[in-house]
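These are the residues of each chain, in order.
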Amino acid sequence: MRWPVGITALILVCVGLGVFFWKSVHHAMPIVPDVSARVWRLDWTIPYEATSTRTRIEFALPEATATQSIVDESSFDGGLAYSVTSRNGARIAVWEGNADRGELDLGYSVRIHLPEAALTGSGPPKARGTDAALGRAARAPAIDPAMERQLERLGVDPADEPEAIVAQLFAFVANEVEAVAVGPRDPRHVLTNREGDLEGRHLLLRTLLATAGLDASVRRGLRVGHRGTAEVETFVEVSFGGRVQRLSILERHPNAFPGEFVVLSGANRPLITARGAVAGDARIDVLREQRPADEIAAFVAPTSALLRATSLYRLPVSTREVLRVLLVVPLAVLIAAFFRNVIGLRTFGTFMPVLIGLSIRDLGLAAGFLLIGGCLSVGVLGRLALDRLRLLFVPRVCLLLCLVILSVTGLAQLGHAYGLRDLGQGLLFPIVILAMLIERISVSTLEEGWLSSAKLLAGSLVVVGASYPVFRSDLLAYLFFGFPELILVVMGALVVIGGYTGYRLAELWRFRTFYLAEGSGGNA
């Protein structure tokens, strides 16, 4: 290896590792994700179109309560003035000003910490006077005769224990009131028709609980998983015995309220109101952070100006999701370079196996190989048939792309028929990459024969299998996203591989007889 190559590689590795240890040791940034951290980042995108020169849009924000705390929040306003106000105990975001014409977006981002106690689906008394603490003494009088008659049919006695009343009324609404996508929301109509949408059924449950003398209200919130998008849904909050119990008809059990749930404020008003504009439905992106709340707060606004300026954690969720995938691609490319230049494995293209490994990261490896094998089989046979027509290159590749799409569609139907769901999840398979791979296999077969093509294909699949775990690893995604300077270390390794001009392992194996003969004094 030439010395400039070694020096360059050494500099890259030292800089990358130096920054890595500076951040992990000096700034105490953990190098492994904390699975116990219960912090979520939520990004709202609210589309709107101004219809007047003066625009005002209001949005109900998440609450800051004993069961959830806000670590930090921010917004982008597109030129409108942003402020947060409190109205009847609810936190309301207000964007106001002279908006430009056309379709625009408002954005709101928040990091929320859900303590472990939220897993129980219950919490401390509501801060609304002494009603919650008084429990049964604070029960509201029954005022709806239809609801009273229903309580009599169910045999609900207001003198019963509140837990028994809650369980009985929850079972009635969950099991005897049919769920429909669109239905009446008036509790009396829902009770009469025995059907309603989610909000209508929750309103009926709230009304029945209130008729039975319990302090109940309908609230709104979000189920927050590991990542993805979330939908706003309603639930019922009922107070008795000095505590609050949350009820969701979707859970089919009164004590099974999800712990990973963010409560929004302003239940008695629309989620979004607009004046001088037409606002659309908000898109909500969710991503679970892998750091404790105090570290998140320190990391979003670190003491170091350099870290503060380069922190990827300040980017929107959608951008971060893309970067979490892209930042591990250099490591997969390093694996491909190692197989080609150190081991001497031949593949179809340098990046094609890596791109295929990237495309099947959401599938199981077996399902991914099954998809690849199925599409390649159909495509290569089709390519051989098309060869007799002597078509031009572009329409021929377009025809191969059509065959790949038909193959993916057929495999999706096959997976659905035999319960192989992974096959149905590969609908966004890299059809263009596969079409080009089929073309290269066909050309290689015509020029070098089937055996050579089979070796190239086998080498490509080996690299696909080796790079696949890189794209599936949450630890690597966490490391390269939190410490992107590790890419410098990868670059240093690539410089070393690029500067190596000696024998490859495959060549040593291929010419092993010469070494054996040399070792035995040339008598072999």
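Before reading on, note that the structure itself is shown above.
Residues numbered from 1 in each chain as written. Predicted model: local features only at pLDDT ≥ 70, side-chain atom pairs only at ≥ 80, totals over all residues. Heavy atoms only, no water.

A. Highlighting the packing of aromatic side chains. Within this structure, the stated rule accounts for eleven aromatic pairs. Feature note: the residues W44, F59, Y82, W95 and Y108 constitute an aromatic cluster, connected by ring pairs. (Phe/Tyr/Trp six-rings, centres within 6.5 Å; stacked < 30°, edge-to-face > 60°.)

B. Examining a nonpolar patch on the surface more closely. A cluster of nonpolar side chains, contributed by W3, I7, I11, V15, V19, W22 and L306, occupies part of the molecular surface with about 700 Å² of accessible area. Sort the elements by how many residues they give to the nonpolar patch and helix α1 (residues 3–26) lands first, with six residues. Among the structural elements, I7 can be located in helix α1. (Patch = residues over 30% accessible without salt bridge, like charges linked within 9 Å, V, L, I, M, F, W, Y side chains within 5 Å. Areas by Shrake-Rupley, 256 points an atom, 1.4 Å probe, with all protein chains shown as cover. Salt bridge = Lys/Arg side-chain N within 4 Å of Asp/Glu carboxyl O. Helix = DSSP H or I, 4+ residues; strand = E, 2+ residues; numbered from the N terminus.)

C. Spotlight on the sheet that holds strand β4 (residues 81–87). Taken together, four strands build an open sheet; the order of strands is β4-β5-β2-β15 and the sheet is antiparallel. The sheet terminates laterally at β4 and β15 (272–275), the two strands that pair on one side only. For this sheet, the mean inter-axis angle between neighbouring strands, taken without regard to orientation, is 20 degrees. Summarising the sheet, strand β2 (residues 55–60) and β15 pair through four bridges and their orientation is antiparallel. Bridge pairing in β15 links I57 to A274. (Pairing = 2+ DSSP bridges. Axes fitted to C-alpha atoms, helices over the stretch in contact; angles between N-to-C directions.)

D. Spatial organisation of unusual backbone geometry. For R194, which is not glycine, the phi dihedral falls at a positive 60 degrees. Relative to the helices and strands, R194 is located in the loop between α5 (187–193) and β9 (195–196). For R390, which is not glycine, the phi dihedral falls at a positive 55 degrees.

E. Region of interest: the side chain of E237. Relative to the helices and strands, E237 resides in strand β12 (residues 232–240). In this structure E237 comes out as buried when scored by relative accessible area, which is 4%. At a separation of 2.9 Å, a polar atom in the side chain of E237 contacts the side chain of R219. (Buried < 20%, exposed > 50% of the residue type's maximum accessible area, 1.4 Å probe, protein only. Polar contact = N/O pair within 3.5 Å; in protein donor to acceptor, adjacent residues only side chain to side chain.)

F. Structural detail: helix α16 (residues 450–472). For α16, spanning 23 residues, the distance from its first C-alpha to its last is 33 Å, which sits close to the expected 33 Å at 1.5 Å a residue. Within α16, the full set of buried residues consists of S452, S453, L456, G459, S460, V463, V464, S467, Y468, V470 and F471. Against α10 (329–343), α11 (352–359), α12 (365–387), α15 (431–448) and α17 (474–482) lie the buried residues of α16. (Expected span 1.5 Å × (residues − 1). Contact = heavy atoms within 4.5 Å.)

G. Molecular detail of the packing of helix α3 (residues 145–154) against helix α4 (residues 162–176). Two numbers describe how α3 lies on α4: the axes approach to 11 Å, and their chain directions differ by 105 degrees. The angle between the axes of α3 and α4 places the two elements in the roughly perpendicular class. Of α4, the residues touching α3 (which contributes Q150, L151 and L154) are Q168, L169 and F172. Its residues assigned to classes, the contact of α3 with α4 shows four nonpolar, two polar and no charged. (Parallel < 35°, antiparallel > 145°, perpendicular 65-115°, else oblique. Nonpolar A, V, L, I, M, F, W, Y, C, P; charged D, E, K, R; others polar.)

H. Structural view of the environment of R219. Within the secondary structure layout, R219 lies in strand β10 (residues 215–223). Sequence separation between R219 and F235 is 16 residues; the distance between their C-alpha atoms is 5.3 Å.

I. Seen up close, the state of the cysteines. Summed over the entire model, instances satisfying the criterion amount to zero disulfides. C402 forms no disulfide, and the closest cysteine sulfur to it belongs to C398, at a distance of 7.1 Å. For C402, a relative accessible area of 43% gives the class partly exposed. (Disulfide = S-S within 2.5 Å.)

J. Structural view of the packing of α10 against helix α18 (residues 486–499). Direction vectors running N to C along α10 and α18 enclose 15 degrees, while the axes themselves pass 10 Å from each other. Considered as vectors, α10 and α18 are oriented roughly parallel to each other. In this structure, the crossing between α10 and α18 has a hand that is left-handed. On α18, the residues touching P330, L331, L334, A337, F338, N341 and V342 of α10 are I487, V490, A493, L494 and I497. Across the contact of α10 with α18, the residue classes tally to eleven nonpolar, one polar and no charged. (Left-handed = near helix turned anticlockwise from the far one by under 90°.)

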